[in-house]
Amino acid sequence: MSPHEVIMRIVAATLLLSVSAFAQLSPGRAPTAAPTSQQIIIIRAGQLIDGKSDQPRANQVIVIRGNRIESVGDGGQQVPANAQVIDLSRATVLPGLIESHTHIFLQGENPAEGGYDANILSHPVAYRAARAAMAARRALEQGFTTIRDLETEGAGYGDVGIKEAINEGWIPGPRMFVVTKALSTTGGYPLEGYAPEFDLPKGAQLADGPVGFRKATREQLSNGADWIKVYMTHRSWVDKQGHFQSQPTLTLEEIKAVVDETHGWGRKVACHAYSGVGLHRALDGGCDSIEHGLDLDDAAIAQMVKQGTWYCPTLTPYYYWWSPENTPEGKRDRLRAELHGPSFQKALKAGVKIVFGTDVGSFPWTDLKSPIAQEFPRMVEFGMSPMAAIKSATSMPAQMLDMVGEIGVIAPGAYADVIAVSADPLRDIKSLEDVGFVMKDGKVFKNEMK
């Protein structure tokens, strides 16, 4: 283990000290206990979108015992005498939303503020952990009760520490699936462009060769990774013929080693892949999800349908911070956005399994009232129905995360993750940008609908 990794582990071990203020706990006070099995909460829902059905239901009663949903039925059923009643009869109630591509350890990549490199070089890891705690809270405030966080970008195993702090009740935040460091090749990830004499930190763990990648995968899995993330493409540009190109990284043998090892642990592999050779290697290697997929060709889409590969498109970040139009970077930025919408549409039409994700962290967690929910209208703009967009953030990612029936649905036996909005998102998907009620695991985190 390198000195840098030792420091990362020490920071993760002391994470509770650096972020406990976010829980608003006094010194020596223990975290709030989880609801007991005897607690009964009744939610009266004016309209219920349960995350699985194709049509909403009116006038529903949700019975919650402890941290699980006990029953869902029409409004005429009898309410237990000792139950706490939450009246959302004028609201639309939904399952807690699932965000499948976040970065809580990033806070935007504004070029005017130093871009990506500033996230790693400008602050101590403890500072980044405190900001990550803020980002986790922001996700929950916006109604996202579960997130898949796709690497710490140079903060080691800090996501494992944040996850533990949330689970133990020290800080508020969503249920987390984490990938820790992520993987790429030599020359395949920043920091880059500095004098070669300097040994600078990297935003991902770099390896080479099937043996090297298998070892790195084992390290990450043994240190708490729920998923493994691999960067199958790196730089992107527009060639002289005006075509979009993306640099492949891992060889087919390397990604096969990663997938084989990860699947042997009963876990899954997410592959960042824009297009071309790197995308096809990811699919041939057996990855479980394609992240971004800016330029999916017909062969890739057909293979994704055949293999059941998940697609997390993350449309939103490609509309941020374009470089000037007449520069190579500006041409690349515009072409990425130009290709991405049609790529999404082709995948949707072909029946590729699509999950909601934004890459939030590459743009600021503090942008807008709900920066994450701005992805919903983009998905609808490119042809997804509002109900399908909602399912992409509820029951669909529950399948991907192997938690069918536990998250992403309002149904008996599911965790009591419940949100509400005042309007009807099936009529106006943008209403999901203003979540007024959030319950996670049977505990009310936010209620502005009283």
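Residues numbered from 1 in each chain as written. Predicted model: local features only at pLDDT ≥ 70, side-chain atom pairs only at ≥ 80, totals over all residues. Heavy atoms only, no water.

A. A look at the sheet that holds strand β19 (residues 443–447). In spatial order, the strands read β3-β2-β1-β4-β17-β18-β19; together these seven strands make up an open sheet with mixed pairing. This sheet does not close on itself; its edge strands, each paired only once, are β3 (68–74) and β19. Along the sheet, successive strands turn relative to each other by an average axial angle of 30°, direction set aside. Sheet strands touched by helix α4 (residues 125–141): β18 (437–440) and β19. Its angle to β19, the strand with the most contacts, is close to 80°. (Pairing = 2+ DSSP bridges. Helix = DSSP H or I, 4+ residues; strand = E, 2+ residues; numbered from the N terminus. Axes fitted to C-alpha atoms, helices over the stretch in contact; angles between N-to-C directions. Contact = heavy atoms within 4.5 Å.)

B. Main features of the packing of aromatic side chains. Counted according to the given criterion, the structure contains eight aromatic pairs. For the pair Tyr 320 and Trp 321, a centre-to-centre distance of 5.3 Å together with 65° between the ring planes defines the contact as edge-to-face. Here the basic side chain of Arg 378 rests over the ring of Tyr 319, its NZ or CZ set 4.1 Å away from the ring centre. (Phe/Tyr/Trp six-rings, centres within 6.5 Å; stacked < 30°, edge-to-face > 60°. Lys NZ or Arg CZ within 6 Å of the ring centre and 35° of its normal.)

C. Layout of the pattern of salt bridges. A full pass over the atoms with the stated rule returns 21 salt bridges. Here Arg 65 makes a salt bridge to Glu 70, at a shortest N to O gap of 2.5 Å. The exposure class of Arg 65 is partly exposed, given its relative accessible area of 33%. Between Asp 298 and Lys 346 there is a salt bridge, with its nearest N and O atoms 3.7 Å apart. Here Asp 298 is found in helix α9 (residues 298–307), whereas its partner Lys 346 is found in helix α10 (residues 328–350), with 48 residues between them in sequence. Judged by its relative accessible area of 57%, Asp 298 is exposed. In this structure, a network of salt bridges that share partners links the residues Arg 214, Arg 218, Asp 260 and Glu 261. (Salt bridge = Lys/Arg side-chain N within 4 Å of Asp/Glu carboxyl O. Buried < 20%, exposed > 50% of the residue type's maximum accessible area, 1.4 Å probe, protein only.)

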